[in-house]
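Here are the chains, one letter per residue:
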Amino acid sequence: MRQSAIDEILNRPLSRELLARDLTRMSFTGLDGFPRVLPTGFVWNGKEIVMCTAKNARKLPALRRNPAVALTIDTESHPPKVLLIRGTAELDVVDGIPDEYMQWNGSYEMTLEQRAEWEVGVRALYDGMVRVVVTPTWAKLIDFETTLPTAIEELVRLQAERQNA
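Nothing here was measured: the structure is a model prediction, and the numbers come from that model.

Visitor: I keep staring at the packing of aromatic side chains and nothing clicks. Help me out?
Guide: The geometry of two aromatic rings is summed up by the distance between their centres and the angle between their planes. Per the stated rule, a full pass over the model turns up two aromatic pairs. Geometrically, the ring pair formed by Y101 and W118 is stacked, given 6.0 Å between the ring centres and 20° between the ring planes. Placement of Y101 in helix α4 (residues 99–105) and of W118 in helix α5 (residues 112–125) is noted, with a sequence separation of 17 residues between them. For Y101, a relative accessible area of 10% corresponds to the buried category. For W118, a relative accessible area of 21% puts it in the partly exposed group. On the basis of an interplanar angle of 65° and a centroid distance of 6.0 Å, the ring pair of Y101 and Y126 is categorised as edge-to-face. Linking Y101 in helix α4 with Y126 in the loop between α5 and β7 (128–142), this pair joins segments that are 25 residues apart in sequence. Among the aromatic side chains, those forming a connected cluster through ring pairs are Y101, W118 and Y126.

Structure representation (structure tokens):
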């Protein structure tokens, strides 16, 4: 997919709204060859999706072996709004807590006191983390109003052809 097409999709107002959410579902291939889907917090920095995880996370060996990932960011309402992204995970081991981890966790509802306690606990637990960085190489936005899943688009087109025949 051309970068200009990816950029056009990711810059649509609905995509920007979805990219401002807290949670994505990341799929990848596990070491046993079976697919995995994990919910994880993320931050969109305008060109990459950044997720953070513990240095001993079980997904890391699998991502090192096969860094191809797919992400889904969606809503819970009907009709659902869905942003699908594919890319390659780059793993960046860092000392301390990445800014992105503190940023996306900062959107949960906490009092200032709860937030301060949470930050102390996070800093005491982790001596470092791994930033999982995905630059989109493919994207699709589905809103079930102006855009549909490809299979449904095909059925609608075939139905129209039958009606016009």
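Visitor: Just to check I follow, could you spell out the nonpolar core for this structure?
Guide: A general tendency of soluble globular proteins is for nonpolar side chains to be buried together. Of all hydrophobic cores here, the largest spans 27 residues; its most connected members are I49 and L83. When residues of this core are traced back to their parent elements, those giving at least two are α1 (3–10), α2 (13–19), β1 (23–29), β4 (49–54), α3 (59–65), β5 (68–74), β6 (82–95) and β7. The element best represented in this core is β7, accounting for five residues. Residues contacting L83, with those up to four places away along its chain left out, are I9, L10, S15, L18, L19, L71, T72, I73, K140 and L141. Counting 10 residues, the second largest nonpolar core, distinct from the first, contains V43, C52, I97 and Y101.

Visitor: Even after reading the chapter, I still don't get unusual backbone geometry, so can you show me in this structure?
Guide: Negative phi characterises most residues that are not glycine, and trans characterises most peptide bonds. Residues H78 and P79 are joined by a peptide bond in cis, for which omega reads -5°. Despite not being glycine, F144 shows a phi value in the positive range, around 60°. With respect to the element layout, F144 can be found in the loop between β7 and α6 (150–164).

Visitor: Looking at this model, I keep getting lost on the sheet that holds strand β2 (residues 35–41). Mind explaining?
Guide: Either a parallel or an antiparallel arrangement is found when strands of a sheet pair, and the pairing is made through backbone hydrogen bonds. The sheet built from seven strands is open, its strands ordered β2-β1-β5-β6-β7-β4-β3 with antiparallel pairing. Of all the strands in the sheet, just β2 and β3 (43–44) have a single pairing partner and so form its edges. Here β1 pairs with β2 via seven bridges, running antiparallel. Bridge pairing in β2 links L23 to G41. The sheet strands contacting α1 are β3, β6 and β7, and the helix crosses β7 at an angle near 95°.

Rules behind the numbers
Residues numbered from 1 in each chain as written. Predicted model: local features only at pLDDT ≥ 70, side-chain atom pairs only at ≥ 80, totals over all residues. Heavy atoms only, no water. Phe/Tyr/Trp six-rings, centres within 6.5 Å; stacked < 30°, edge-to-face > 60°. Helix = DSSP H or I, 4+ residues; strand = E, 2+ residues; numbered from the N terminus. Buried < 20%, exposed > 50% of the residue type's maximum accessible area, 1.4 Å probe, protein only. Core = buried A, V, L, I, M, F, W, Y, C linked by side-chain atoms within 4.5 Å. Contact = heavy atoms within 4.5 Å. Pairing = 2+ DSSP bridges. Axes fitted to C-alpha atoms, helices over the stretch in contact; angles between N-to-C directions.

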